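One letter stands for each residue in the lines below.
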Amino acid sequence: MSYDIPLETTETCYEVKKSLFYARAGHVTNKQDVQLLLNSAKADYPDARHHCWAYQLGDPQRATHAAMSDDGEPSGTAGKPILNVIQHKDIGDIMVVVSRYFGGTKLGAGGLVRAYAAATQQTLLAMPVKPHIATTMIELTMPFAHEPTMRHWISQHNGEISQCDYYHNVLMSALLPDQHITALKILCANLKISMK
């Protein structure tokens, strides 16, 4: 399934009544990525009063996991609005962290919801995206003579060789876009290369 993912980490600042909302959006694929992005925001804004966040992993139409945090803001006024904006965009594998500096004027629950949503929206509009391409890890066993041909074919089809071991044959592991798997099967059959 094809969907967009963040191309790079993007940050904008949204201001309302002198409160500053630094919204940072980035690409995450697992909980370790989530923690790294959250930690980087906390490190960059150590004196911010709140670091509220939300993320969703996988295809945005059927996210495999989603979570949020109000980080001390009144319940439902920060994490939920951030997640709602994310879910209305067709972007997967994404996290948004909003670091807030209090400006001296209380915004109230409705004001907080609007501010966190607006900060998230502003950052997502500024963030470049790229298509997520579904890939499969394949394993090939081949005679040494076929290794250069296979390396060339994989690179020409946007694949990435992750490991190559040399025994009496060459054992190659590669990540290949799903759209090229059928063509590779045909090539392997013609060259008598074992493919798993």
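The rules behind these values
Residues numbered from 1 in each chain as written. Predicted model: local features only at pLDDT ≥ 70, side-chain atom pairs only at ≥ 80, totals over all residues. Heavy atoms only, no water. Helix = DSSP H or I, 4+ residues; strand = E, 2+ residues; numbered from the N terminus. Rg over C-alpha atoms; globule rule 2.2 N^0.38 Å. Buried < 20%, exposed > 50% of the residue type's maximum accessible area, 1.4 Å probe, protein only. Areas by Shrake-Rupley, 256 points an atom, 1.4 Å probe, with all protein chains shown as cover. Lys, Arg positive; Asp, Glu negative; His and termini not counted. Charge placed at Lys NZ, Arg CZ, Asp CG, Glu CD. Core = buried A, V, L, I, M, F, W, Y, C linked by side-chain atoms within 4.5 Å. Contact = heavy atoms within 4.5 Å. Pairing = 2+ DSSP bridges. Axes fitted to C-alpha atoms, helices over the stretch in contact; angles between N-to-C directions. Arc of directions from axis to C-beta. Polar contact = N/O pair within 3.5 Å; in protein donor to acceptor, adjacent residues only side chain to side chain. Phe/Tyr/Trp six-rings, centres within 6.5 Å; stacked < 30°, edge-to-face > 60°.

Enquirer: Which parts of the structure should I look at to understand the overall build of the protein chain?
Expert: The secondary structure content of the protein chain amounts to five helices and eleven strands. The C-alpha radius of gyration of the protein chain comes to 22 Å, more than 25% above the 16 Å expected for a compact globule of 196 residues. Seen along its three principal axes, the alpha-carbon backbone of the protein chain occupies a region of about 70 × 30 × 25 Å. Counting every position in the protein chain, which comprises 196 residues, the buried fraction comes to 42%. About 10400 Å² of surface is accessible on the protein chain, with carbon and sulfur atoms providing 52% of the total. Of the charged side chains in the protein chain, 17 are positive and 18 negative; the average position of the first set lies 6 Å away from that of the second.

Enquirer: Hey, could you run me through the nonpolar core in this one?
Expert: Side chains that are nonpolar tend, in soluble globular proteins, to be buried together. In this structure, Phe21, Ile82, Ile86, Val96, Val98, Tyr116 and Leu124 are the most contacted members of the largest nonpolar core, which totals 22 residues. Counting only elements with at least two residues in this core, the list comes to β3 (19–27), β4 (50–57), α2 (79–87), β6 (94–101) and α3 (108–126). If we ignore the near neighbours within four places in the chain, the residues touching Ile86 are Ala54, Tyr55, Gln56, Ile94, Val96 and Leu124. Among the nonpolar cores identified, the runner-up in size contains 16 residues, and Trp153, Cys164, Leu184 and Cys188 belong to it.

Enquirer: Sorry, what's going on with unusual backbone geometry here?
Expert: Among all residues save glycine, negative phi is the norm, and among peptide bonds the norm is trans. Of note, Lys17 is a non-glycine position whose phi angle comes to about 50 degrees, a positive value. Among the secondary structure elements, Lys17 is positioned in the loop between β2 (10–16) and β3. At Asp93, a residue that is not glycine, the phi angle is positive and equals roughly 50 degrees. Tracing the backbone shows Asp93 in the loop between α2 and β6. For Asp93, a relative accessible area of 7% puts it in the buried group.

Enquirer: Looking at this structure, how should I read the sheet that holds strand β5 (residues 65–69)?
Expert: Within a sheet, adjacent strands bond to each other through the backbone by hydrogen bonds, running parallel or antiparallel. Across the sheet, five strands lie side by side as β2-β3-β6-β4-β5; this open sheet has antiparallel pairing. Across the chains shown, the open sheet's two edge strands, defined by having one partner strand only, are β2 and β5. In this sheet, neighbouring strand axes are inclined to one another by 15 degrees on average, regardless of whether the strands run parallel or antiparallel. Sheet contacts for α2: β4, β5 and β6; angle to β4, the most-contacted strand, approximately 35 degrees. Contacting β2, β3, β4 and β6, α3 crosses the sheet at an angle of about 145 degrees to β2.

Enquirer: Hey, could you run me through helix α4 (residues 147–156) in this one?
Expert: Turn by turn, an α-helix covers 3.6 residues, leaving residues three or four places apart pointing in a common direction. For α4, the full list of buried residues reads Glu147, Met150, Trp153 and Ile154. Down the axis of α4, the smallest arc covering the buried residues is 130 degrees, so these residues share one side. When the buried face of α4 is taken as reference, the exposed residues oriented beyond 90 degrees from it are Pro148 and Gln156. On its buried face, α4 is in contact with β8 (135–142), β9 (160–166), β10 (170–177) and α5 (181–191). Downstream of α4 by one or two residues, Asn158 has phi in the positive range, about 60 degrees.

Enquirer: Please explain the side chain of Glu147 as it appears in this structure.
Expert: Tracing the sequence through the fold places Glu147 in helix α4. Engagement of the side chain of Glu147 in a polar contact is seen with the side chain of Tyr166, the distance being 2.7 Å.

Enquirer: How should I be thinking about the packing of aromatic side chains in this particular structure?
Expert: With the rule as written, the count across this model stands at six aromatic pairs. Measuring from ring centre to ring centre gives 5.0 Å for Phe21 and Tyr116, while their planes differ by 85 degrees; the resulting arrangement is edge-to-face. Residue Phe21 is located in strand β3, and its partner Tyr116 is located in helix α3; the two are separated by 95 residues in the primary sequence. Accessibility expressed as a relative area gives 0% for Phe21, which makes it buried. Accessibility expressed as a relative area gives 0% for Tyr116, which makes it buried. Their ring planes at 20 degrees and their centres at 4.5 Å tell us that Tyr22 and Tyr45 sit as a pair that is stacked. Remark: Tyr45 occurs in the loop between α1 (31–44) and β4 and Tyr22 occurs in strand β3; sequence separation between them is 23 residues.

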